[in-house]
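Residue-level listing of the chains:
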Amino acid sequence: MENFLNELNDVQYKCITETEGPQLILAGAGSGKTRVVTTKIAYLVKYEKVNPQEILAFTFTNKAAKEMKDRVSKLLESDVERMWIGTFHSMCVRILRRDLNLPNYTKNFSIFDTTDQKTLIKECIRELNLDDKIYTPNYVQNRISGLKNEGITPLEFEKFAFSPIDKKLLDLYKIYENKLESNNAFDFDDLIIKVIELFNSDNMVKTYYQQRFRYVFVDEYQDTNNIQYQLIKLISGLHKNICVVGDADQSIYKWRGANINNILNFEKDYNNTNQIILSQNYRSTQNILNIANSVIQNNTERIKKDLWTSNLEGDKPTLYEAGNSTEEAIQVGSTIEKLIQEGKSPSEIAILYRSNYLSREFEEQLIKRDIKYKVIGGIKFYDRAEIKDILGYLRLIINDDDDISFRRIVNSPKRGIGDVTIDKLAEIAIEKNISLYKALDYVEEYDKLFDARAQKNLIGFKNLIDNLKLKSTSNSISELLDFLLERVEYITGLEKIDTVEARSKIENIEEFLSSVKNFEDSEEGTLHEFLVGVSLLSDVDKTENLDEAVSLITVHSAKGLEFGHVFIVALEEGVFPSAYAELDEDMEEERRLMYVALTRAKDNLYLSSAKSRMRHGKINYQLPSSFIDEMGDNLIKISPVNSNKVRFQPKETTNKNYVYTSKKGVDSKTNIPNSNIYNTGQKIKHSKWGMGIVTQIIESQGDQLVTVLFDNGELKTLIGSMAPMEVVS
DNA sequence: GAATAAGTTGTTTTT
DNA sequence: CAACTTATTC
Ligand SMILES: Nc1ncnc2c1ncn2[C@@H]1O[C@H](COP(=O)(O)OP(=O)(O)OP(=O)(O)O)[C@@H](O)[C@H]1O
């Protein structure tokens, strides 16, 4: 890569060669922001002779970090191990592991994820005897995390917590923080806060990092929150060579504390900011860009900016309005099948949706067509109960103050230690102000508390953990795990149950074991590093770019990615935009989300919606997304296939891509006689039962089993060809 | 204390 | 719908 600078336009080139001082690069989607950062890092090292260890770059996900490292290393033809490139959270853990110095913490701290936080918060709510209808764990977690993201400590909150609810919240916040501390644990927000506190309290440490990192970069700057901003400011405070890149129109994490003011404040806080705007889009066709621009300009809280491209005009995006969600999924499935038959790479195809639950029907259709796919996000692998159990053991082994993990695994698998026993143990722990694990030492002393059985079980458990602790000091992680699973009889226990679920759990555990082996082979890290890695993994990171597979992904997770052919589905009011967006500002964020979705596409965009969709087990009738109107007449509308008869005789005028292709004769749907085809969501009239709605269809031997919810409340399953009923409109 | 049955609730997005 | 909680029984 002799001349990587040739791959840049003039403005990009300017960004890269103006290396000194604060630089704010604002630019629309696909204008090469990420490319600027990677190339600039390479430029600094190659032409400015900057030492790689003087480089620090914050990315949004670990995957983005990995990609950045890969690209830089390609440009430089050398490894980039000494650069710090990673998410805020992982960089902070790195700092804490090195320099953490707090009286009640050790460097083997646990990281509490959102679920752990809520568990802890539930305890707090119970202790304060608060009404759990008002103070739901969700609400409290949200509020506390919101405060922490803003950098508001309990002490500061006290100054303006006046409402009765806020006063209670303050109490909760205080107890919560104490509990974290006694668990030797940090939540996600703490990772950043504690580094800021560390810098502010220890000048030596602060100076070390300030001197070391001569060049600091932040990608996806529009989604940084207040504490991240503070951290950036601190860490770049000496050299002030801070280069941030972002796009205000792509700010989609406000709900997580992202503060768009960070863009505005930048120029105030850094003198002589070099602001550069990139406005040429290299990613998308003109037609795609037109739609994206036309949607985003409806935001009023926005600095207008022009984004143009010299790319080809391309195909016009299409819009398909399906009668119901299954039809929509079939349409998308068969279009994807067609694309692949035409020779398009599956990895260049993505289905984007607003919420995870929407992936299901599309998965079913892809499975039917034997199309490989990967779902990014949703139920995370490491979130499965069996994996969390094992992680719980590991966490407890290296941090025995971690009561959350203790509670999780003390009776999993069942070993006769129930809630009552644990509550008694917790009494000892509270009285002595120690962890649950340490309270185990007093079980014999407090023998009147426990019956013989419970006492025996508790002592057995203590021996188990102590054994594991011992093992952990001298063995590799996978040896420890083998021993653990053996001793705990986790797998043998599952084998005895022998259900489909148990089998899949065993498979998951085996997959987990091999991922541990992978970690050991590639990184040679400690157990703590392994656990940290797992805790901070994001959804996008988890899924390897395995092989050629279609991606199913939320719009949030798709930020920063690009695909040749993008399907944006379920474009309905209440879904996208979400029903939860009530305020104007929420609506604007939804619109930005739409903008992100649209600008992921390089060549083709396929939009679709359904008139009815199941949610929470009942049918919702949906209106098309208001964003569709905002796209103007740049769309080719494909009329809904309103009856199944039409399905088999597609009109000539129908867009080619949307012709139904029935791949295999086995497809039961093609065998159904035309006379009585029902679809879920249809209204029907039965001669005896009256009006009702079709809630489920089961295809069976060329006929349909139709489940109908009648208006009188009765739920009946009827044989499609026999039942005296008809569809009404 | 564990296993089952019945009832209830709801995340939109995730480091 | 499915995941989670509560009630009931052994
Ligand atoms: N000067 C250039 N010449 C050709 N292609 C370019 C140039 N700059 C960027 N690209 C290409 O344009 C696409 C978008 O670039 P990149 O991902 O860096 O943009 P971005 O601004 O970070 O996008 P987003 O805001 O959507 O994350 C990439 O495929 C990249 O390779």
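Look up a bit, the structure's there.
Please read these numbers as outputs of a predicted model, since none were measured by experiment. (Residues numbered from 1 in each chain as written. Chains lettered and ligands numbered in written order. Predicted model: local features only at pLDDT ≥ 70, side-chain atom pairs only at ≥ 80, totals over all residues. Heavy atoms only, no water.)

Help me understand empty space enclosed by the protein in this model?
In this approach, a probe sized like a water molecule rolls over the atoms, and the result shows the empty space that is left. This model, assessed by the stated rule, comprises two cavities of 30 Å³ or more. Empty space within the largest cavity amounts to approximately 60 Å³. For the largest cavity, the full set of lining residues is Asn108, Phe109, Ser110, Ile111, Arg395, Ile398, Asn399, His528, Leu531, Val532 and Ser535. At the level of elements, strand 4 (110–112), helix 16 (385–398) and helix 24 (527–536) are the ones that each hand at least two residues to the lining of the largest cavity. A total of four residues in the lining of the largest cavity trace back to one element, the largest contributor, which is helix 24. Computed from the structure, the second largest cavity encloses a volume of approximately 50 Å³. Lining the second largest cavity, in full, are Glu18, Thr19, Glu20, Gly21, Gln23, Lys40, Tyr215, Val216, Phe217, Asn241, Ile242 and Cys243. Residue assignment for the lining of the second largest cavity shows that the elements contributing at least two residues are strand 6 (215–218) and strand 7 (242–246). The element best represented in the lining of the second largest cavity is strand 6, accounting for three residues. (1 Å grid on protein atoms, 1.4 Å probe; cavity = no way out; pocket = protein on both sides within 12 Å on 5 of 7 lines; lining within 4 Å. Points joined across faces, edges and corners; volume = space filled by probe spheres on them. Helix = DSSP H or I, 4+ residues; strand = E, 2+ residues; numbered from the N terminus.)

Sorry, what's going on with the sheet that holds strand 2 (residues 55–59) here?
Remark on secondary structure: sheet strands pair via backbone hydrogen bonds, oriented parallel or antiparallel. Taken together, six strands build an open sheet; the order of strands is 3-2-6-7-1-8 and the sheet is parallel. Two strands in the sheet have a free side with no partner beyond their single neighbour: strand 3 (84–87) and strand 8 (274–278). Looking at each pair of strands side by side, their axes are set apart by 15° on average, direction ignored. The pairing of strand 2 with strand 3 spans four bridges and is classified as parallel. Each bridged residue has a counterpart across the sheet, and for Thr59 the counterpart in strand 3 is Thr87. Where helix 2 (residues 33–47) meets the sheet, it contacts strand 1 (23–27), strand 2, strand 6, strand 7 and strand 8, and its direction lies at approximately 165° from that of strand 6. (Pairing = 2+ DSSP bridges. Axes fitted to C-alpha atoms, helices over the stretch in contact; angles between N-to-C directions. Contact = heavy atoms within 4.5 Å.)

What's the story with the packing of aromatic side chains in this structure? I'm lost.
Centre-to-centre distance and the angle between the planes together describe a pair of aromatic rings. In this structure the tally under the stated criterion is 20 aromatic pairs. Here the aromatic cluster, defined as three or more aromatic residues joined through ring pairs, consists of Trp84, Phe199, Tyr208, Tyr209 and Phe213. (Phe/Tyr/Trp six-rings, centres within 6.5 Å; stacked < 30°, edge-to-face > 60°.)

For this particular structure, what's the right way to read the sheet that holds strand 14 (residues 601–610)?
The strand order across the open sheet built from seven strands is 11-12-10-13-14-9-17, with neighbouring strands paired in parallel fashion. The open sheet terminates on both sides in strands that have one partner only, identified here as strand 11 (373–376) and strand 17 (636–638). Looking at each pair of strands side by side, their axes are set apart by 20° on average, direction ignored. Alignment of strand 10 (residues 349–353) against strand 12 (residues 550–554), held across four bridges, turns out to be parallel. Within strand 12, the position partnered with Tyr353 by the bridge is Thr554.

Just to check I follow, could you spell out the side chain of Lys40 for this structure?
In this fold, Lys40 is placed in helix 2. Notably, Lys40 is buried but unbridged: the nearest opposite-charge side chain belongs to Glu18, and the N-O separation is 7.6 Å. Reaching out from Lys40, the side chain makes a polar contact with the backbone oxygen of Cys15 at a distance of 3.0 Å. Only 3.3 Å separates the side chain of Lys40 from the backbone oxygen of Glu18, close enough to count as a polar contact. If we ignore the near neighbours within four places in the chain, the residues touching Lys40 are Cys15, Ile16, Glu18, Thr19, Gln23, Phe217 and Cys243. (Buried < 20%, exposed > 50% of the residue type's maximum accessible area, 1.4 Å probe, protein only. Lys, Arg positive; Asp, Glu negative; His and termini not counted. Salt bridge = Lys/Arg side-chain N within 4 Å of Asp/Glu carboxyl O. Polar contact = N/O pair within 3.5 Å; in protein donor to acceptor, adjacent residues only side chain to side chain.)

Honestly, the protein's contact with DNA strand C in this entry has me stumped. Any pointers?
Around DNA strand C sit Lys122, Arg360, His616 and Gly617, and that is every residue in its neighbourhood. Within 4 Å of the protein, the atoms of DNA strand C are drawn from sugar and phosphate moieties in a proportion of 36%. Between Arg360 and DNA strand C, the recorded distance is 2.6 Å, taken from a side-chain N or O atom to a phosphate oxygen. Classifying every residue of the surface near DNA strand C gives no nonpolar, two polar and two charged. (Near = heavy atom within 4 Å. Nonpolar A, V, L, I, M, F, W, Y, C, P; charged D, E, K, R; others polar.)

Could you clarify how one ought to interpret the site of the ligand in this entry?
Close to the ligand lie 18 residues, the nearest being Gln12, Lys33, Thr34, Arg283 and Glu562. The contact in question runs from an oxygen atom of the ligand to an N or O atom on the backbone of Gly30, over 3.0 Å. The side chain of Arg283 places a nitrogen or oxygen atom 2.8 Å from an oxygen atom of the ligand. Against a free-state accessible area of 630 Å², the protein chains account for coverage of 84% of the ligand. Sort the elements by how many residues they give to the shell around the ligand and helix 2 lands first, with three residues. Here the residues of the shell around the ligand are counted per class, giving three nonpolar, nine polar and six charged. Domain assignment of the residues forming the shell around the ligand places at least three in each of domain 1 (10–100 + 192–278) and domain 3 (297–378 + 543–638). (Areas by Shrake-Rupley, 256 points an atom, 1.4 Å probe, with all protein chains shown as cover. Domains from an automatic or database assignment.)

When you look at a negative patch on the surface in this model, what are you seeing that I'm missing?
Taken together, the side chains of Asp419, Asp423, Glu427 and Glu431 present a region of like negative charge at the surface. Take Asp419: it is sitting in helix 18 (residues 419–432). (Patch = residues over 30% accessible without salt bridge, like charges linked within 9 Å, V, L, I, M, F, W, Y side chains within 5 Å. Charge placed at Lys NZ, Arg CZ, Asp CG, Glu CD.)

What exactly am I supposed to notice about helix 18 here?
Because each turn of an α-helix spans 3.6 residues, side chains separated by three or four positions end up pointing in the same direction. Along its 14 residues, helix 18 runs 20 Å from first to last C-alpha, staying within 8% of the 20 Å computed at 1.5 Å per residue. Every buried residue of helix 18 is listed here: Thr421, Ile422, Leu425, Ala426, Ile428 and Ala429. All buried residues of helix 18 lie within an arc of 155° about the axis, which places them on one face of the element. Facing away from the buried side of helix 18 by more than 90 degrees, the exposed set consists of Asp419, Val420, Ile430 and Glu431. Packed against the buried residues of helix 18 are helix 17 (403–409), helix 19 (436–439) and helix 20 (452–474). (Expected span 1.5 Å × (residues − 1). Arc of directions from axis to C-beta.)

Any link to function would need more than the numbers given here.
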